[in-house]
Amino acid sequence: MGYNKVLSDRIAKFFKERGVVFYEKKMFGGLCFMVDDKMCVGVNKEEIMLRIDPIIYEESLKRKGCKEMTFTGRPMKGYVFLTEEATGLDENLYSWLTLALEYNPKAKASKKKTSKK
């Protein structure tokens, strides 16, 4: 398994408790939580991948346990990785998940791939 099941269960619990409609999708070797057909949060191995407002990106990187997401080899502004230091306590995890949910309505959805027939 490419992701921490305990972390994914904690994220799902947060969304369910708040009545957030979401679905899970296996992506990037891990598990992503999709909200309004947009990647909101992901779990990859022992880290959480979070999509946040690019406006708060630099400030967020100063918080403990938050680091640049360099999934493609270079930083992706608006996406961060969170280590256990940032997510160990539910209140810390929930504050990060709230940031992702707040940004989700403003986030652009990925272009849908059209199949060639």
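Keep in mind it's a predicted model, so treat the numbers as computed, not measured.

Here's the deal with the overall build of the protein chain
- Scanning the protein chain from N- to C-terminus turns up four helices and six strands.
- Here the C-alpha radius of gyration of the protein chain, 14 Å, is about what a compact globule of 117 residues would show, namely 13 Å.
- When its C-alpha atoms are laid out on the principal axes, the protein chain stretches across 50 × 30 × 30 Å.
- Contacts in the protein chain between residues far apart in sequence, at least 24 positions, make up 50% of those at least 6 positions apart.

A look at the packing of aromatic side chains
- Scanning all chains against the criterion turns up five aromatic pairs.
- With a centroid separation of 4.9 Å and an interplanar angle of 45 degrees, the aromatic rings of phenylalanine 14 and tyrosine 94 are classed as tilted. Highlighted residues: phenylalanine 14 in helix H1 (residues 5-17) and tyrosine 94 in helix H4 (residues 90-103), separated in sequence by 80 residues.
- According to the relative accessible area criterion, tyrosine 94 is buried, its value standing at 14%.
- Seen in terms of ring centroids, phenylalanine 15 and phenylalanine 22 are 5.3 Å apart; in terms of plane orientation they differ by 50 degrees. Their pairing is tilted.
- Overall, the relative accessible area of 0% leaves phenylalanine 15 in the buried class.

Here is what the cut-offs are and how they apply
- Residues numbered from 1 in each chain as written.
- Predicted model: local features only at pLDDT ≥ 70, side-chain atom pairs only at ≥ 80, totals over all residues.
- Heavy atoms only, no water.
- Helix = DSSP H or I, 4+ residues; strand = E, 2+ residues; numbered from the N terminus.
- Rg over C-alpha atoms; globule rule 2.2 N^0.38 Å.
- Contact = heavy atoms within 4.5 Å.
- Phe/Tyr/Trp six-rings, centres within 6.5 Å; stacked < 30°, edge-to-face > 60°.
- Buried < 20%, exposed > 50% of the residue type's maximum accessible area, 1.4 Å probe, protein only.

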